[in-house]
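# Structure at a glance
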Amino acid sequence: MTTTLRPTAAEQRTAHGGRSRPYEVCVNSRPVGGIHLSADDRFGTSVGRIVRLHIDEADRHRGRGTVAALAAEEVLRHWGCSRAELSIPAGAEPARSLAAALGYTERSRGMAKAVATVPALPAGSAARPIGTAEYPAWEAAAKEGYIQSLVERGMGRAEARAKSEADHASALPDGPRTAHTALRLLAHDGVDVGALWVRLRDPNGSGAFVFDVEVGSGHRGRGHGRTLMRVAERECLAAGVDRIALNVFSDNTPALRLYESLGYETTEIHFYKPLL
């Protein structure tokens, strides 16, 4: 039997070179499922995504998903992608096993928590808004950290720098006065030890999203990351938001343990694979 992908709609293009298209998964021309692919221009058009893959119940456990995913990778290579990514909901063990069998590596996790009570801050710790005088230094550091994360995903440094500039301009159009945004500095015993960026209204879902938590290099290992997350939860409740989400790299074991200890649960796991 031959498993193939058959387009079901015209290819969609974006202004920045991204592209996407849905396909039927067919066995000897008989539809058995569907798959949607994109060249994700959020991280450069060399990054392709398997956005969605499903096989009909009657045709599962026959290797249809494996062959469809391999065929999808060929489409992404044809599009010029050098890397494939996919996201799997937490608890979807069959999909996770398939990703592992196909050579995908876990990169990061989406986590979330329902916030109900205002957490107390440790004695000596206090948070304050990032003001206009402090904003330029914070912004420069945040942009550089974002550039580095994009480069690690395979994007060229020049392209990463341009994207960092554009994304920060979009996310923070009014700097420290941007609506529905909390930018906070954390001080302990009068010394600044870290910073926090939380979007209090997430347009792509419900609740808030933590963009950045950063503890100064000379102040790590002293519980300030936990305090910053408590600040994030306090900001959410003050804004009338009762759910907060974040993304954490899977190899950042200290951060994973911190979030788990604070009650955050994994909602989605993100994988990647080089397309050689």
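Relevant structure appears above.
Below or above, wherever it landed, is the structure these notes cover.

What counts, and where the lines are drawn
- Residues numbered from 1 in each chain as written.
- Predicted model: local features only at pLDDT ≥ 70, side-chain atom pairs only at ≥ 80, totals over all residues.
- Heavy atoms only, no water.
- Buried < 20%, exposed > 50% of the residue type's maximum accessible area, 1.4 Å probe, protein only.
- Helix = DSSP H or I, 4+ residues; strand = E, 2+ residues; numbered from the N terminus.
- Pairing = 2+ DSSP bridges.
- Right-handed = clockwise from strand over helix to strand, strands pointing away.
- Expected span 1.5 Å × (residues − 1).
- Arc of directions from axis to C-beta.
- 1 Å grid on protein atoms, 1.4 Å probe; cavity = no way out; pocket = protein on both sides within 12 Å on 5 of 7 lines; lining within 4 Å.
- Points joined across faces, edges and corners; volume = space filled by probe spheres on them.
- Nonpolar A, V, L, I, M, F, W, Y, C, P; charged D, E, K, R; others polar.

Counting buried positions over the seven residues of strand β6 (residues 83–89) gives six, a clear majority of the element. Across four bridges, the pairing between strand β5 (residues 47–55) and β6 is parallel. Within β6, the residue paired with I50 across the bridge is L86. Remark: the β5/helix α1 (residues 64–78)/β6 crossover connection has right-handed handedness. Bridge analysis of β6 against strand β13 (residues 265–274) gives seven bridges, and the strand direction is antiparallel. Paired with L86 across the bridge in β13 is F271.

Taking 1.5 Å per residue as the helical rise, helix α4 (residues 157–171) with its 15 residues ought to reach 21 Å, and the 21 Å between its terminal C-alpha atoms agrees with that figure. Of all the residues in α4, the buried ones are A160, K163, S164 and H168. Taken down its axis, α4 places every buried residue within 125° of arc, on the same side. When the buried face of α4 is taken as reference, the exposed residues oriented beyond 90 degrees from it are A158 and S170.

Turning our eyes to something else, we now look at the layout of surface pockets. By rolling a water-sized probe across the atoms, one finds the places where empty space is left. There is about 650 Å³ of room inside the second largest pocket. Among the secondary structure elements, those contributing two or more residues to the lining of the second largest pocket are β5, α1, β6 and α2 (93–101). At six residues, β5 tops the list of elements feeding residues into the lining of the second largest pocket. Considered class by class, the residues forming the lining of the second largest pocket number 15 nonpolar, six polar and five charged.

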